[in-house]
Amino acid sequence: AQAIFFSSSFLASFAFQECRGSIGRQTMGSQQEAQFAKPSGIMHKLRFPLYAQVLVAIVLGVLVGTIFPRLATSSWVKMLGTGFVKLIKMAIGPIIFCTIVSGIAHVADAAKIGRVAVKAIVYFEIISTFALAIGLLVANLVQPGRGFTATGDEAA
């Protein structure tokens, strides 16, 4: 719990420093902006786009899982995964709420909000219908559970 608190407080302070630094950079002259624009030296060479970082992490995870399979069953990995999922669940609600409130606050015309809401509902209905159709099609073609002859527990 202390490690999670430390890492989250570190990330919060880093984000605060980044925001403060970017606000301060907005008022600087063009010469000083050029200094902050591109990282120099080895940090410039080590920059990857986010999708490349995710792909590298997936490949490394697969390699570590195949080389050290017992590592995945250790208690600290379970604790780390559970903590990560709880942090994601904790953050997702406020992120969605702030995104919606910010979007509504930046729309000057109330009619635009109504049009966007109608488009969102229609999009949701169409995508949900496609997902349902694909699920029914795959279930009828693959027939998962066919040949499974298990009996239920009578005590239940």
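Remember, it's a predicted structure, so these values are computed and weren't measured experimentally.

Parameters at a glance
- Residues numbered from 1 in each chain as written.
- Predicted model: local features only at pLDDT ≥ 70, side-chain atom pairs only at ≥ 80, totals over all residues.
- Heavy atoms only, no water.
- Helix = DSSP H or I, 4+ residues; strand = E, 2+ residues; numbered from the N terminus.
- Buried < 20%, exposed > 50% of the residue type's maximum accessible area, 1.4 Å probe, protein only.
- Areas by Shrake-Rupley, 256 points an atom, 1.4 Å probe, with all protein chains shown as cover.
- pLDDT = per-residue confidence, 0-100.
- Contact = heavy atoms within 4.5 Å.
- Patch = residues over 30% accessible without salt bridge, like charges linked within 9 Å, V, L, I, M, F, W, Y side chains within 5 Å.
- Salt bridge = Lys/Arg side-chain N within 4 Å of Asp/Glu carboxyl O.
- 1 Å grid on protein atoms, 1.4 Å probe; cavity = no way out; pocket = protein on both sides within 12 Å on 5 of 7 lines; lining within 4 Å.
- Points joined across faces, edges and corners; volume = space filled by probe spheres on them.
- Nonpolar A, V, L, I, M, F, W, Y, C, P; charged D, E, K, R; others polar.

Q: I keep staring at the overall build of the chain and nothing clicks. Help me out?
A: Looking only at helices and strands, the chain has six helices and zero strands in total. Along its sequence from the N terminus, the chain presents helices and strands in the succession α-α-α-α-α-α. Burial statistics for the chain: of 156 residues in total, 2% are counted as buried. As displayed, the chain has an accessible area near 14,300 Å², and 72% of this comes from carbon and sulfur atoms.

Q: I keep staring at the confidence of the model for the chain and nothing clicks. Help me out?
A: Predicted coordinates in regions of low pLDDT should not be interpreted in detail. On average, residues of the chain score 77 in pLDDT, and 70% of them reach the 70 mark or higher. Put simply, helix 1 (residues 2-26) is where the chain has its lowest mean pLDDT, 45, and helix 4 (residues 50-67) is where it has its highest, 92. Segment residues 1-28: pLDDT under 50, and eight contacts once partners within four positions in sequence are set aside and those in other chains are kept.

Q: Explain unusual backbone geometry here, please?
A: Backbone geometry follows two general trends: most residues other than glycine have a negative phi, and most peptide bonds adopt the trans configuration. At Q143, a position not held by glycine, the phi torsion is positive, near 50°. Within the secondary structure, Q143 sits in the segment after helix 6 (110-142). Taking the relative accessible area as the measure of exposure, Q143 reaches 36% and is therefore partly exposed.

Q: Explanation requested: a nonpolar patch on the surface in the structure shown.
A: There is a patch of nonpolar side chains on the surface, built from V56, V59, L60, L63, V64, I67, F68, L71, W76, M79 and L80 and spanning about 1,100 Å² of accessible area. Elements with a contribution of two residues or more to the nonpolar patch: helix 4 and helix 5 (75-105). With six residues, the single largest contributor to the nonpolar patch is helix 4. Among the structural elements, F68 can be located in the loop between helix 4 and helix 5. Overall, the relative accessible area of 51% leaves F68 in the exposed class.

Q: How should I be thinking about the layout of surface pockets in this particular structure?
A: In this approach a probe as big as a water molecule rolls over the atoms, and the regions it shows empty are the leftover space. In this model, the second largest pocket occupies a volume close to 160 Å³. Every residue lining the second largest pocket is listed: I100, G103, I104, V107, K112, I113, V116 and A117. Elements with a contribution of two residues or more to the lining of the second largest pocket: helix 5 and helix 6. Across the lining of the second largest pocket, the residue classes break down as six nonpolar, one polar and one charged.

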